[in-house]
Each structure stands twice: as structure tokens, then as C-alpha cells.
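# Working through the structure, step by step
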Amino acid sequence: MNTTTLDAPAPAPTLLAATGPAAPQRKPGALDWAPVNYDLRDTWFPVSHSRDVVAQPIRRIIHAQAYFLWRDGSGVACAAEFRPDQMSAKRHLASAFTGGSGLYPVIERYGYIWAWYGNPEHADVLLIPHIPFVPLDGSLPGYTQRTVRFDASSALSVENLIDLTHADFLHAGTIGDGTADADVVEVEWTSETVTRTRMVTNKSVAPIMRWIGGVRAKFQDFRAVLHIHLRSNVCISYPRFRPGYDVPNVQPFVPVGSYRSRCDVTFNTTAAPAPFRYVMPRINYVIQPQDNSVVRPQSPRYFDPTERADLHSRFDKPGNRYRLQMEQLAARQRRGDFAYGSDAEPNRDIRSLLGMDS
Ligand SMILES: [Fe+2]
């Protein structure tokens with residue numbers, strides 16, 4: 001990693017395209033995917049819930065890069081490579097991620113502290129995703145926010161989330177099984193995002209809605225939109241159950257490392273009745289171990305290049321599209337191209353994309 005000092009602000013620090021583990025070498029022609037290697041730069045990561053950042057510093061990790069977070073005397077959030085009391089002593093060790101200053105670009109929005117990962121000169125507030133169901137100032141009750149962790153890379157965790165059909169068996173006890181009259185999955189994408197929409201007609205009612213949501217029907221229509229920002233793994237999800245409730249949620253899979261992702265989730269259930277409103281965000285503690293039981297044993301297999309090719313289905317359009325878009329973005333960054341394409345607009349209004357207006 002390049003370093004520079006403040007006293008000698010000479011060569012502009014440059015970021016190498018890939019400092020993570022080398023891509024495993026596979027057999028020529030093998031259709032394969034190794035989600036351990038995506039180290040995508042020039043993006044904002046929601047590294048922490050706002051409420052967790054106080055005067056006393058905390059530490060977060062993005063791709064093995066340390067982020068110390070705290071609030072200064074005015075309450076403004078700071079993000080740095082070093083603890084505040086060690087800043088002057090260690091500043092000469094500051095990396096290109098902070099342009100040698102030790103301080104990352106940082107913005108507080110939607111109840112998160114967003115820190116920049118990449119070339120600090122490229123940090124732009126317009127690159128923060130639009131999250132239409134969370135107030136800009138993040139003013140939601142504490143019960144909407146939870147933290148879960150996955151023993152897998154962020155890309156593998158996201159890929160599991162894309163495959164919403166997995167919920168029908170893995171989470172059948174809480175969200176409902178696969179019984180339905182019709183089940184339609186669509187996918188659309190840009191160079192920076194993939195959006196998967198699943199529409200299910202007359203699905204078995206989600207047990208959690210019957211138990212504590214007051215929904216008496218046996219079946220319900222279900223529409224779930226998942227909008228994924230590829231560089232940051234920020235997943236903006238809008239499930240709508242009718243009869244039932246909307247459960248809009250943010251699941252940002254922050255890449256701690258090849259084996260670990262951290263997800264500071266926000267479930268805005270404030271419009272739903274009690275006790276569903278309070279219990280639904282806690283369902284993460286039921287669902288996370290179920291998801292982790294799948295991705296945890298999967299994860300290490302991607303580190304061994306001698307193993308068989310990955311056997312994903314060619315009928316899994318959203319999953320395949322996610323892999324392809326991630327590969328294209330990674331290939332661009334390996335060539336040194338970190339720019340956002342004209343189709344990208346990470347902050348574009350996604351209300352109608354999420355089906356909020358319908
Ligand atoms: Fe799941």
C-alpha cells in the first residue's frame with residue numbers, strides 16, 4: 001500500500017486496483033465465480049449506524065482497512081485510519097485511502113455514517129444511494145436498527161439475498177413457504193446496480209404476519225424488490241404483503257474481509273401495527289443464523305481453485321446478472337477505470353422502482 005506524509009505532500013497517492021487475494025486460477029472454460037475477490041473502490045460504505053458513533057471511538061473494517069469512527073466536540077462524525085489520540089503520531093503512516101491525511105471523507109445520512117473507500121479525491125455526496133423510506137436525518141426509532149454478521153464475503157451474502165426463492169424453504173417458518181398460484185421474477189440493471197423483482201400471487205401467508213400482525217387470510221400477494229448497489233453491497237429492499245404490510249429495509253453488507261461481512265440493517269416498520277412493528281426487525285436474529293448456515297460452509301470452498309466449478313443454475317437470471325455485472329465492474333477497476341458510467345446515477349430516485357408509488 002502506498003503511503004505518504006503530510007510534511008512532504010509530494011507524490012499524489014495512488015490506489016492499486018486490487019490488493020486483496022489473487023483470483024483463483026480455474027480450468028479454462030470453467031463457468032465459475034469466486035465471490036471472495038471483489039475489492040471494488042470509489043464508493044461510500046455505511047460503516048456504522050449513526051447511533052453507535054459517539055465521542056469514544058469505535059473501529060470498523062472495510063476490506064482489512066481500519067476505519068476509526070467518533071464524534072468531535074460539535075457532534076460531527078469523523079472517520080480516520082487511526083484512533084484520534086494517535087493521529088499525530090501515526091499520520092506519516094496514512095495511506096492513499098485518505099490521501100495521506102489519515103482522515104476519510106465522511107457523511108452522515110439515513111441513520112448511517114457513510115465513509116469513503118477509494119481515492120478521496122473522487123468522493124462525491126451525489127454517489128450516496130437514495131433510500132426513499134428512511135428520513136435523510138435518520139430519525140427512526142432504535143427498534144428499526146439491528147446488526148447481524150455473516151461468515152462469508154459480502155458478494156456471497158448478497159448473492160444469497162438475491163435468490164429470494166431460498167426464503168421459501170430456509171425461512172418458511174417465519175416468511176412463508178413456496179405455495180403460490182404464480183411466481184414471477186424479473187431483473188433489470190445498470191453498470192452499478194442490479195434490481196430484482198419477485199411477484200407472487202396467492203402465496204401462503206407469512207406466519208409472522210398471522211401470529212403477530214393480525215393478518216387472518218390464508219394467502220397473500222407478495223411483491224419484493226431488491227435494489228443492489230454493486231460497489232458497496234448496499235441492498236435496498238422493499239417487500240410488500242397484501243393483505244399485510246410493507247417491510248422496507250436496508251441491508252448493507254459491508255465487506256470486512258474475504259470471510260466476513262457486517263450488516264447494520266434498518267427495517268422501517270414504523271407504519272405497521274404493534275407488536276409486528278417491533279418484532280419484525282428482530283426477525284433478523286432468526287433469519288441470520290439460517291442464512292449463515294448456508295453461506296458459512298459455502299464460503300471457504302471458493303478459496304480452493306482445485307475444486308469443481310460452481311454449479312449455479314443458468315435459469316437463475318437475477319443471480320447470473322449479478323455475477324456478470326460484478327465481473328464487469330471488477331474488470332474495469334483492474335484496468336484502472338474507477339469512473340461511474342452515465343447510466344449509473346447511484347442517487348437517482350428509486351421510489352417507483354421499488355413499487356412505492358403503486
Ligand atoms: Fe435468507
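What you see is a predicted model; the values in this text were computed from it and never measured.

A tally of helices and strands in the protein yields eight helices and 13 strands. Looking at the protein alone, contacts between residues at least 24 apart form 65% of all its contacts between residues at least 6 apart.

Attention now moves to the confidence of the model for the protein. Averaged over every residue, the pLDDT of the protein is 89; residues scoring 70 or more account for 90%. Confidence over residues 1–13 falls short of pLDDT 50; this stretch has 23 contacts with residues more than four positions distant or in other chains. Low pLDDT, under 50, characterises residues 17–22; the predicted model gives this stretch 13 contacts beyond four residues in sequence or across chains.

Working definition: the strands of a sheet are paired by backbone hydrogen bonds and lie parallel or antiparallel to each other. Taken in spatial order, the three strands of this open sheet run S1-S6-S5, and their pairing is antiparallel. The open sheet has two edge strands, strand S1 (43–49) and strand S5 (106–109), and neither has a second partner. Neighbour-to-neighbour, the strand axes of this sheet turn through a mean angle of 30°, independent of strand direction. Bridge count for S1 against strand S6 (residues 112–117) is six bridges, and the pairing is antiparallel.

Our focus in this paragraph is the environment of serine 139. Position of serine 139 relative to the elements: it lies in the loop between S6 and strand S7 (145–150). Note on serine 139: 9 C-beta atoms within 10 Å, which makes it exposed. As for serine 139 and glycine 111, which are separated by 28 residues in sequence, their C-alpha atoms are 6.9 Å apart.

Let us look at the sheet that holds strand S4 (residues 77–80). Spatially, three strands are ordered S2-S3-S4 in an open sheet, and the strand pairing comes out antiparallel. Both outer strands of the open sheet, strand S2 (58–62) and S4, are each paired with one neighbouring strand and no more. Along the sheet, successive strands turn relative to each other by an average axial angle of 30°, direction set aside. Taken together, the five bridges between S2 and strand S3 (residues 65–71) define a ladder with antiparallel strand orientation.

The next thing to look at is the packing of helix H2 (residues 154–162) against helix H7 (residues 284–298). Running from amino to carboxyl end, H2 crosses H7 at an angle of 135°, the nearest separation of the two axes being 10 Å. Considering the angle they form, H2 stands oblique to H7. As H2 runs across H7, the sense of the crossing is right-handed. Residues Leu156, Ser157 and Asn160 of H2 touch H7, and the partners they reach there are Asp291, Val294, Val295 and Gln298. A breakdown of the residues in the contact of H2 with H7 according to their chemical character gives three nonpolar, three polar and one charged.

Another point: the pairing of S5. The sheet contact formed by S5 and S6 spans four bridges and is antiparallel. Each residue of the ladder has a partner; that of arginine 109, found in S6, is tyrosine 112. Here S5 hands over to S6 after two residues, with tyrosine 110 in that stretch at a positive phi of 55°.

Taking 1.5 Å as the rise per residue, H7 with 15 residues should run 21 Å; its terminal C-alpha atoms sit 20 Å apart, in good agreement. At asparagine 292, H7 shows its maximal bend, which comes to roughly 30°.

For the rest of this paragraph, the subject is the nonpolar core. Ranked by size, the top nonpolar core spans 72 residues in total, and within it Ala79, Ile113 and Ala115 carry the most contacts. Tallying contributions element by element places S6 first for this core, with six residues. Not counting chain neighbours up to four residues away, the residues in contact with alanine 79 comprise Tyr67, Leu69, Leu103, Tyr104, Val106, Ile113 and Ala115.

Scoring rules and cut-offs
- Residues numbered from 1 in each chain as written.
- Predicted model: local features only at pLDDT ≥ 70, side-chain atom pairs only at ≥ 80, totals over all residues.
- Helix = DSSP H or I, 4+ residues; strand = E, 2+ residues; numbered from the N terminus.
- Contact = placed C-beta atoms within 7 Å.
- pLDDT = per-residue confidence, 0-100.
- Pairing = 2+ DSSP bridges.
- Axes fitted to C-alpha atoms, helices over the stretch in contact; angles between N-to-C directions.
- Buried ≥ 20, exposed ≤ 12 C-beta atoms within 10 Å, placed from the backbone.
- Parallel < 35°, antiparallel > 145°, perpendicular 65-115°, else oblique.
- Left-handed = near helix turned anticlockwise from the far one by under 90°.
- Nonpolar A, V, L, I, M, F, W, Y, C, P; charged D, E, K, R; others polar.
- Expected span 1.5 Å × (residues − 1).
- Bend = angle between axes of the 7 residues up to and from the residue.
- Core = buried A, V, L, I, M, F, W, Y, C linked by C-beta atoms within 7 Å.

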